[in-house]
Amino acid sequence: MKTSLTQWSIEDAENIYQVKRWGNGYFDIGENGDIHVIPRYDQPNLKINLKEVVKEMQSEGIQFPAVIRFHDILRSQVELLNKTFRNTIEEANYEGQYFGVFPVKVNQMREVIEEIVEAGSRYNYGLEAGSKPELIAALAYNTNKNSLTILNGYKDEEYLRLALLGLKIDRNIIIVIEKFSELIKLVELAKTLDIKPIIGLRVKMMVKGRGKWEHSSGERAKFGLSIAEILNAVAYLEDAGLSDCVKLLHFHIGSQLTDIRAIKEAVQEASLVYSKLIKLGVPLEYVDVGGGLAIDYDGSQSTNDSSCNYNLAEYVSDIVYGFKQNCDLESVPHPHLVSESGRAMTAHHSCVITNIIGEIHPSGTQYSTGKATGEHIIVTNIRDLEKGLIEAEKNNSHQEIYNDVTQLKSQAMQAFKLGILSLDELAKVETLYWRILNTIEQQMHLHEFIPEELNDISEMLSSQYLANFSVFQSAADSWAIDQILPVVPISRLNEKPTKLCSLVDITCDSDGKIDKFIGQDSVANNIPMHTLKEEEDYFIGIFLTGAYQDVMGDMHNLFGRLNEVHIVSYDDDPKDFYIEEVVNGSSVDNVLSTMQYTPAIMAQMIKKEIDAQIARGKIKPREGVNLIDFYEACLNGYTYLKQ
Ligand SMILES: *Cc1c(COP(=O)(O)O)cnc(C)c1O
């Protein structure tokens with residue numbers, strides 16, 4: 001991170017935070033140094049200043065941390081996916097159509113599902129469910145009779161009965177068989193209820209996805225039928241007189257497929273399986289290519305786990321042209337194409353905004369280092385080293401001073417353990433040590449060449465910014481699988497960030513931190529941030545949290561769900577947006593109730609004890625009433641820290 005001290009431009013900020021590269025056109029840094037959101041892909045002039053959204057939320061008394069959801073980004077993504085498939089199909093003279101479905105597990109929020117279904121209605125875009133509760137939601141919300149409802153996941157009898165209920169109300173429900181025993185149950189039920197199901201078969205693919213989820217395919221995959229099982233299933237259905245019910249071939253080789261080659265190979269394999277089954281007389285009409293369309297979280301356009309080496313157009317093109325070519329070679333009809341992209345539909349549409357509430361810094365403490373009579377020689381030596389720094393520039397002796405101070409510090413620790421150095425002396429050594437490192441770092445900034453060891457000083461001096469949020473609630477994958485999520489201050493980007501920082505959250509868990517960031521070449525452990533000001537809040541955004549992160553959060557430390565605002569863009573508004581809806585996050589009594597507490601009884605318990613203290617004369621009655629009120633107000637309040 002070597003930039004001149006005096007000059008700082010928006011391009012420099014862009015270099016550090018890579019907003020354009022992960023932003024997919026939806027985010028950029030304005031000339032004023034604020035993050036702008038451009039929520040409609042087809043209206044580049046519609047710009048929302050994120051800082052203005054935060055201001056409006058503050059004026060409405062909405063506490064942070066909070067999720068900001070941009071409904072127009074959701075709509076844009078749904079439109080882009082469908083249009084890209086439609087245009088490519090037309091351009092390729094492909095004879096099938098595209099019927100996309102959104103996998104509910106990626107973001108189950110009602111408002112998200114409603115928006116997606118609405119935006120997708122003119123493309124007959126449907127839903128995919130992977131569990132009974134998701135199916136129940138999909139039944140209620142996927143009301144478009146021309147779209148598909150695809151059912152994946154393991155199924156019990158109740159699940160299958162629900163699916164058949166859907167058929168009775170004219171939904172295009174396709175039950176995807178993940179496991180042979182499901183087929184036996186389904187055939188039984190279909191006979192009893194006298195309904196013809198629409199059946200999909202999920203094939204266990206040989207090709208492996210690449211990236212974190214590569215175990216979703218291959219022989220040891222959890223889901224799907226082997227080729228032998230598929231042939232057995234076809235025979236079984238024929239015996240049952242239901243062979244005309246098999247309409248769809250399904251595969252899913254993993255999420256976040258980082259390498260386009262895995263997709264090409266999967267299309268090749270699946271189109272052959274499809275063609276051969278058609279030739280055997282299986283009346284397949286659809287091929288479902290599953291999910292996996294990746295998001296470039298770190299903006300590197302690489303096969304890093306948090307990135308991908310392709311874009312939407314390439315992905316769609318490989319699928320459409322791949323099926324066309326292989327089907328033409330095999331002389332079989334082109335199937336309708338189904339895909340189940342979840343991550344790509346939702347990741348960009350929401351972010352978590354929170355404020356930095358403090359700084360934890362190794363050299364942050366002031367302690368008087370004045371000379372005491374009879375002090376230990378180590379203390380005197382280290383103080384003299386500090387004086388030597390004045391000459392260091394002239395003598396080019398930074399490295400030497402660094403070596404000496406490192407040695408003196410370790411000697412001091414030894415001396416303290418042997419009882420030779422006092423606590424006061426140790427505190428002085430610590431203070432002088434960090435001060436010297438600080439000065440070396442500042443002086444080295446002006447140098448062209450920095451010796452390798454001295455480069456580590458920046459890392460040693462880096463701060464931890466304490467952010468008002470819980471990683472376990474809001475960025476679960478950052479903790480669980482080292483997923484990189486872009487972290488960017490939402491303003492002051494026209495100002496040089498002079499502090500290297502990592503983020504720590506407010507949980508009492510040392511894992512509660514983010515220390516993997518977008519780096520210059522690869523992943524970095526720190527990210528430059530601005531110095532905090534007394535009189536001004538410092539807000540940061542954790543971006544691309546709309547897929548999985550939004551809904552995977554847990555109750556660690558009982559923080560619970562965040563306050564949420566839904567933003568709709570509006571050209572006629574001076575700020576180009578309005579807050580359409582506020583969804584309150586968890587209150588303390590909410591989260592306690594889910595853990596079987598009864599808040600009203602708890603308040604009574606506290607009241608009883610306060611009353612007892614009043615009776616003993618230890619608390620004045622008026623103060624007692626205030627204390628009870630305070631306890632109750634906290635019970636009703638937000639779980640996160642108040643500014
Ligand atoms: C999780 C899942 C998806 C969604 O995958 P993304 O990578 O988020 O697009 C699609 N289909 C199935 C069967 C899944 O399990």
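Because the structure is predicted, anything quoted here is derived from the model rather than measured.

Chemist: Which residues make up the overall build of the protein, and what values go with them?
Modeler: Within the protein, the secondary structure is distributed over 22 helices and 23 strands. For the protein, the spread of C-alpha atoms along the three principal axes comes to 100 × 75 × 60 Å. When the 643 residues of the protein are sorted by exposure, 54% land in the buried category. Of the contacts formed within the protein by residues at least 6 apart in sequence, a portion of 76% connects residues at least 24 apart. Only carbon and sulfur atoms are counted for the fraction: they give 50% of the accessible area of the protein, which is about 29000 Å².

Chemist: Got a sec to walk through the sheet that holds strand β1 (residues 27-29)? Specific residues and values, please.
Modeler: The strand order across the open sheet built from 3 strands is β1-β2-β3, with neighbouring strands paired in antiparallel fashion. Every other strand in the sheet has two partners, leaving β1 and β3 (48-49) as the edge strands with one partner each.

Chemist: Describe the environment of Ala-392, listing the residues and the values that go with them.
Modeler: Tracing the backbone shows Ala-392 in helix α13 (residues 377-395). Assessed through its relative accessible area of 0%, Ala-392 is described here as buried. C-alpha separation for the pair Ala-392 and Ile-440, spaced 48 residues apart in sequence, amounts to 8.8 Å. The residues touching Ala-392, leaving out its near neighbours within four places in the chain, are Ser-397, His-398, Ile-401 and Gln-443.

Chemist: Go over the site of the ligand with me, naming the residues and quoting the values.
Modeler: Close to the ligand lie 16 residues; Lys-105, Ser-255, Glu-340, Gly-342 and Tyr-548 are nearest. Take Lys-105: an N or O atom from its side chain is 2.6 Å from an oxygen atom of the ligand. Between the ligand and Glu-340, the relevant distance is 2.5 Å, taken from a nitrogen atom to a side-chain nitrogen or oxygen of the residue. Protein coverage of the free-state accessible area of the ligand, which is 390 Å², stands at 92%. Partitioning the shell around the ligand into residue classes produces 3 nonpolar, 8 polar and 5 charged.

Chemist: Quick rundown of the packing of aromatic side chains? Include the residues and the values.
Modeler: Counted according to the given criterion, the structure contains 15 aromatic pairs. Ring centres of Phe-85 and Tyr-98 lie 3.8 Å apart, and the angle between their planes is 5 degrees; this geometry places the pair in the stacked category. Within this pair, whereas Phe-85 is found in helix α4 (residues 71-91), its partner Tyr-98 is found in the loop between α4 and β5 (101-103), the two being separated by 13 residues in sequence. Assessed through its relative accessible area of 6%, Tyr-98 is described here as buried. The interplanar angle of 70 degrees and the centroid separation of 4.9 Å between the aromatic rings of Phe-472 and Trp-479 together place this pair among those described as edge-to-face. Positioned over the ring face of Tyr-159 is Lys-155, at 5.7 Å from the centre of the ring. Over the aromatic face of Tyr-433 sits the side chain of Lys-409, whose NZ or CZ is 4.4 Å from the ring centroid.

Chemist: Could you give me a rundown of the pattern of salt bridges, with the residues and numbers involved?
Modeler: One pass over the full model with this rule turns up 37 salt bridges. Of the charged contacts in the structure, one is a salt bridge between Glu-114 and Arg-110, with a shortest N-O distance of 3.3 Å. Pair noted here: Glu-114 and Arg-110 are both in helix α5 (residues 110-120), with a separation of 4 residues, about one helical turn. We classify Glu-114 as partly exposed; its relative accessible area is 32%. Taking relative accessible area as the criterion, Arg-110 reaches 41% and is therefore assigned partly exposed. Put simply, Glu-359 and Lys-499 hold a salt bridge, and the shortest N to O gap is 2.8 Å. Taken together, the residues Glu-359 in strand β13 (residues 350-360) and Lys-499 in strand β16 (residues 499-504) connect sequence positions 140 residues apart. Exposure remark for Glu-359: the relative accessible area of 33% places this residue in the partly exposed category.

Chemist: Give me helix α6 (residues 132-141): which residues, what numbers.
Modeler: Think of an α-helix as turning once every 3.6 residues; residues three or four places apart then point the same way. All of the buried residues in α6 are Glu-134, Leu-135, Ala-138 and Leu-139. Projected down its long axis, α6 shows its buried positions confined to an angular sector of 140 degrees, all on one face. Among the structural elements, β6 (126-129), β7 (148-151), α7 (157-168) and β8 (172-177) are those in contact with the buried residues of α6.

Chemist: Residue-level account of a nonpolar patch on the surface, with values.
Modeler: Where nonpolar side chains cluster on the molecular surface, the patch consists of Ile-227, Leu-231 and Leu-280 and spans about 290 Å² of accessible area. Take Leu-231: it is sitting in helix α9 (residues 227-239).

Chemist: Hey, could you go over the side chain of Glu-564 for me, with residue numbers and the actual values?
Modeler: By the element assignment, Glu-564 lies in strand β22 (residues 563-569). Take Glu-564: its relative accessible area is 2%, and that puts it in the buried class. In this structure the side chain of Glu-564 is engaged in a polar contact, spanning 2.6 Å, whose partner is the side chain of Arg-69. Those residues in contact with Glu-564, other than ones at most four positions away along the chain, are Val-67, Arg-69, Met-109, Glu-581, Val-582 and Val-583.

Chemist: Lay out the domain arrangement of the protein in plain terms, naming residues and giving numbers.
Modeler: As assigned here, the protein comprises domain 1 (1-64 + 349-361 + 463-585), domain 2 (96-341), domain 3 (377-459) and domain 4 (590-636). Just the C-alpha atoms count here: the centres of domain 1 and domain 2 sit 35 Å apart. Across the boundary between the two partners, domain 1 contributes 22 residues, which contact 18 residues of domain 2. Contact between domain 1 and domain 2 buries roughly 1600 Å² in total, counting both sides, with carbon and sulfur atoms accounting for 53%. When residues of domain 1 are sorted by the area they lose upon contact with domain 2, Arg-21, Tyr-548 and Val-551 head the list and together hold 33% of the total. Linking domain 1 to domain 2 there are 0 salt bridges. Across the contact surface, domain 1 and domain 2 share 5 residue pairs in polar contact (both at pLDDT 80 or more). Secondary-structure elements contributing two or more residues to the side of domain 1 that touches domain 2 are α2 (19-23), α19 (549-552), β22 and β23 (577-583).

Chemist: Any details on the sheet that holds β5? Residues and values, ideally.
Modeler: Pairing between sheet strands relies on hydrogen bonds along the backbone, with the strands arranged either parallel or antiparallel. Across the sheet, which stays open at both edges, the 8 strands sit in the order β5-β6-β7-β8-β9-β10-β11-β12 with parallel pairing between neighbours. Bordering the open sheet on either side are β5 and β12 (336-338), each of which pairs with just one other strand. With strand direction ignored, the average angle separating the axes of adjacent strands in the sheet is 25 degrees. Against the sheet, α9 engages β9 (199-202) and β10 (246-250), with an angle of about 160 degrees to β9.

Chemist: How would you sum up the packing of helix α8 (residues 180-193) against α9? Please name residues and give values.
Modeler: α9 packs onto α8 with a crossing angle of 10 degrees between their chain directions and a minimal axis gap of 11 Å. Here α8 lies roughly parallel to α9, going by the angle between them. For the pair α8 and α9, contact is made by Phe-180, Leu-183, Ile-184 and Val-187 and by Glu-229, Asn-232, Ala-233, Tyr-236 and Leu-237, respectively. Among the residues making up the contact of α8 with α9, the classes are represented as 7 nonpolar, 1 polar and 1 charged.

Chemist: An account of the environment of Lys-247 is needed here, citing residue identities and associated values.
Modeler: The topology assignment puts Lys-247 in strand β10. Apart from the residues within four sequence positions on either side, Lys-247 is in contact with Ile-198, Ile-199, Pro-283, Leu-284, Glu-285 and Tyr-286.

Chemist: Please set out the nonpolar core residue by residue, giving values where relevant.
Modeler: Core analysis: the biggest nonpolar cluster contains 150 residues, and Ile-35, Ile-68, Phe-323 and Leu-503 have the highest contact counts within it. By residue number, the principal contributor to this core is helix α10 (residues 260-279), which donates 10 residues. Aside from chain neighbours lying at most four places away, what touches Ile-35 is Val-19, Phe-27, Asp-28, Ile-29, Ile-48, Asn-49, Leu-50, Val-488, Pro-489, Ile-490, Leu-493 and Phe-543. Core analysis: the second largest hydrophobic core is formed by 25 residues, Ile-382, Ile-401, Ala-415 and Leu-421 among them.

Calculation criteria
- Residues numbered from 1 in each chain as written.
- Predicted model: local features only at pLDDT ≥ 70, side-chain atom pairs only at ≥ 80, totals over all residues.
- Heavy atoms only, no water.
- Helix = DSSP H or I, 4+ residues; strand = E, 2+ residues; numbered from the N terminus.
- Buried < 20%, exposed > 50% of the residue type's maximum accessible area, 1.4 Å probe, protein only.
- Contact = heavy atoms within 4.5 Å.
- Areas by Shrake-Rupley, 256 points an atom, 1.4 Å probe, with all protein chains shown as cover.
- Pairing = 2+ DSSP bridges.
- Near = heavy atom within 4 Å.
- Polar contact = N/O pair within 3.5 Å; in protein donor to acceptor, adjacent residues only side chain to side chain.
- Nonpolar A, V, L, I, M, F, W, Y, C, P; charged D, E, K, R; others polar.
- Phe/Tyr/Trp six-rings, centres within 6.5 Å; stacked < 30°, edge-to-face > 60°.
- Lys NZ or Arg CZ within 6 Å of the ring centre and 35° of its normal.
- Salt bridge = Lys/Arg side-chain N within 4 Å of Asp/Glu carboxyl O.
- Arc of directions from axis to C-beta.
- Patch = residues over 30% accessible without salt bridge, like charges linked within 9 Å, V, L, I, M, F, W, Y side chains within 5 Å.
- Domains from an automatic or database assignment.
- Buried area = accessible area lost by both parts, 1.4 Å probe.
- Axes fitted to C-alpha atoms, helices over the stretch in contact; angles between N-to-C directions.
- Parallel < 35°, antiparallel > 145°, perpendicular 65-115°, else oblique.
- Core = buried A, V, L, I, M, F, W, Y, C linked by side-chain atoms within 4.5 Å.

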